[in-house]
Structures are given as C-alpha cells and as structure tokens.
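Next come the chains, spelled out residue by residue.
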Amino acid sequence: MAILASETWKSHVVSQSSQMCGDLLFSKVTSSWLECALLCLVQVFCFMFEFSKLTKVCDVFMGIGSTNTIPAVLSVPRLVYKGYTNCERSGYTFVNDGNLCVNEIKGEFTWNDAKAKCETDQGRLLVLTTNAQIRGARKYMRSINKNYVFIGLTDEMKEGHWEWIDGTKLNMSMWSNTLLNNYDANYPAEPGNADCVILGLSSHFDIHCRARHPEWVICERPQLV
C-alpha cells in the first residue's frame, strides 16, 4: 500500500520529561521522517515510529504508550508520528462500525462541490453499501453533532437508477426510510431534478444537486482500511 507525501500525519513533540514506550522492532538511519513512516507502514505489527531530526535514526516499535520518567538516552526532543491504523496515520478517523476511514471538512457545499472537495483530499463521498457502514456513518455524525450530510448516491446519469459513485447499484432493502421521489420543494420550477442524496440520523432523502444544505462534508478514504 502506498502513502502519498502530501498526506498529513498526526504528530507531536515528546518533551524530555516524557518517554514513548514500546517494543523496538528495529532501528535504521533514514533520510527523512517520510522514509521512516514507509518503513513502519510495511510492518504488520508497527504501531509507532520515532524519527530523530538530529541523528536521522528511525526507530520502529511494536507497541505505543508513554510514561513520565526521564529518558536515559534522549538528549533532545524528537518528533514522534504515531497512529494505530493507516487511516489514523493519514489524519482521518477510523470508525469500527463498517470499517470507515472518515474526516469532516467545514464549508458550504453543493453535492458536486462536496464530491470534488473529497476527491481533492484523496477521498470520496461516503459509499454506504452495508448496514454496518450506515451505523458507522451515523455514529460519526453524532460525534461531530451533525444531523445531515451528503452521501455519494445519485441518479444524475439515468433518472430513477440510483448508483453509488463507485458504480455500485443501490440496494433498497437496506434503505427503508429513504424518500427518493425526485422532488425538492426548494426548487419547484425544476421538478424531477432531485438527483442527489442526504443522509440523516434517522432518514434519507433526495435533494437538488445544487442545494447547499449541510455545513460540513464527510469524506472517506476506503483505500486505507
């Protein structure tokens, strides 16, 4: 699995009164923190890596934790990049329900704006093809206090043929509370043009793709789970 240099990895500086703990897999001199990150990424049991800007030494660990003891060998603060999953390492949030890797981006978007924004962020709008994924999406929505978000479902290409943006056909048996009547009351002059879908905490409905309904867009990176 490749990682792009433009991705944002979570990081923090370890002070000299704090020590990161773990079972050391190996140490190796690397040219940058990114090369160190790639070494960690290809190790199945790597949960943390530590890169010294001073010595260029990359330490790859099996475990992660911290103590308030004075380190015996740490003479200068080191920049530590950590994450339990590839998703978290990229700056997104991992949701166990449905194995979703998600992130919210603030702004006022149309459906097409939201789709483009997610793709620019190396992700996509939510594609929810299992009940677990629907639960996970709503769980995440509750955690950020959002009642409605755009999802990657549309019939723009062919009226009445609902598809996810990855080409998967909509399974209506999982969406019993979905109102897909192709009508948006805010656009009475354009009947039959509600071609995009909003996910709510208890329901789902189609809206005009030019509507600017949510204040946030939730993107997912399925390639990181």
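Above this note sits the structure.
Every chain is numbered independently, its residues counted from 1 as its sequence is written. Given that the model is predicted, a residue must reach a pLDDT of at least 70 before its local features are reported, and side-chain atom pairs must reach 80 or more before they are shown or counted; all residues, however, enter totals for whole chains, interfaces and linings. To get the side-chain values, all heavy atoms of the structure are used, and hydrogens and water are removed first.

Chemist: Lay out the overall build of the protein with the relevant residues and their values.
Modeler: In DSSP terms, a helix is any run of H or I states spanning at least four residues, a strand is any run of E spanning at least two, and both are numbered starting from the N terminus. Helix and strand counts for the protein come out as four helices and 16 strands. Throughout this description, buried means an accessible area under 20% of the type-specific maximum (1.4 Å probe, protein chains only), exposed means over 50%, and partly exposed covers the range between. Counting the 225 residues in the protein, one finds 43% classified as buried. Only heavy atoms enter the contact rule, under which two residues are in contact if any of them lie within 4.5 Å. Restricting the contact set of the protein to residue pairs at least 6 apart, pairs at least 24 apart contribute 69%. All accessible-area figures derive from a Shrake-Rupley calculation using a 1.4 Å probe, and residue coverage is judged against the displayed protein chains alone. Of the accessible surface of the protein, which amounts to about 11,700 Å², a share of 52% is contributed by carbon and sulfur atoms.

Chemist: Break down helix α4 (residues 131-143) for me, with residues and values.
Modeler: To estimate the expected span of a helix, count its residues, drop one, and scale the result by 1.5 Å. Here α4 spans 18 Å end to end across 13 residues, near enough to the 18 Å set by a 1.5 Å rise per residue. Among all positions of α4, only Gln133, Ile134, Gly136, Ala137, Arg138, Tyr140 and Met141 are buried.

Chemist: Any chance you could break down the pairing of strand β4 (residues 48-51) for me, citing the residues and the numbers?
Modeler: Burial along β4 is two-sided: the residues Met48 and Glu50 and Phe49 and Phe51 are all buried. Strand pairing is assigned whenever DSSP detects at least two bridges linking the two strands. Where β4 and strand β5 (residues 57-61) come together, four bridges link them in antiparallel fashion. Opposite Phe49, over in β5, you have Val60 as the bridge partner. Between β4 and β5, which pair antiparallel and follow one another directly, the connecting turn spans five residues, one of which, Lys56, has a positive phi of 65°.

Chemist: Could you give an account of unusual backbone geometry, naming the residues involved and the relevant values?
Modeler: Of note in this structure, Asn99 is not a glycine but carries a positive phi near 50°. By secondary structure assignment, the location of Asn99 is in the loop between β8 (93-95) and β9 (100-106). For Asn145, which is not a glycine, the phi torsion comes out positive at approximately 60°. Here Asn145 lies in the loop between α4 and β11 (148-154). Taking relative accessible area as the criterion, Asn145 reaches 67% and is therefore assigned exposed.

Chemist: Help me get a handle on the sheet that holds strand β10 (residues 124-125), residues and values and all.
Modeler: Spatial strand order, β8-β9-β16-β10: four strands in an open sheet with antiparallel pairing. Of all the strands in the sheet, just β8 and β10 have a single pairing partner and so form its edges. Note that β8 and β9 share three bridges and pair antiparallel. Counterpart to Thr93 in the pairing with β9 is Val102. Every axis in this analysis is a line fitted to C-alpha atoms, fitted for helices over the stretch in contact. Angles between the N-to-C directions lie between 0 and 180 degrees. Each of β8, β9 and β16 (216-220) is contacted by α4, which is oriented at about 35° to β9, the strand it contacts most.

Chemist: Account for the state of the cysteines, naming residues and giving values.
Modeler: By definition, disulfides here are pairs of cysteine sulfur atoms that lie within 2.5 Å. Following the criterion strictly, the structure yields three disulfides and no others. With its sulfur 2.2 Å from that of its partner, Cys87 forms a disulfide with Cys101. Its torsion about the S-S bond being 100°, the disulfide of Cys87 and Cys101 is classed as right-handed. Linking Cys87 in helix α2 (residues 86-89) with Cys101 in strand β9, this pair joins segments that are 14 residues apart in sequence. The class for Cys87 is buried, based on a relative accessible area of 0%. When its relative accessible area of 2% is taken as the criterion, Cys101 is described as buried. Here Cys118 is linked by a disulfide to Cys219, with a sulfur-sulfur distance of 2.1 Å. Torsion about the S-S bond of the Cys118 and Cys219 cystine: about -85°, corresponding to left-handed handedness. Within this pair, whereas Cys118 is found in helix α3 (residues 111-120), its partner Cys219 is found in strand β16, the two being separated by 101 residues in sequence. Using a relative accessible area of 0% as the deciding quantity, one classes Cys118 as buried. A relative accessible area of 0% places Cys219 in the buried class.

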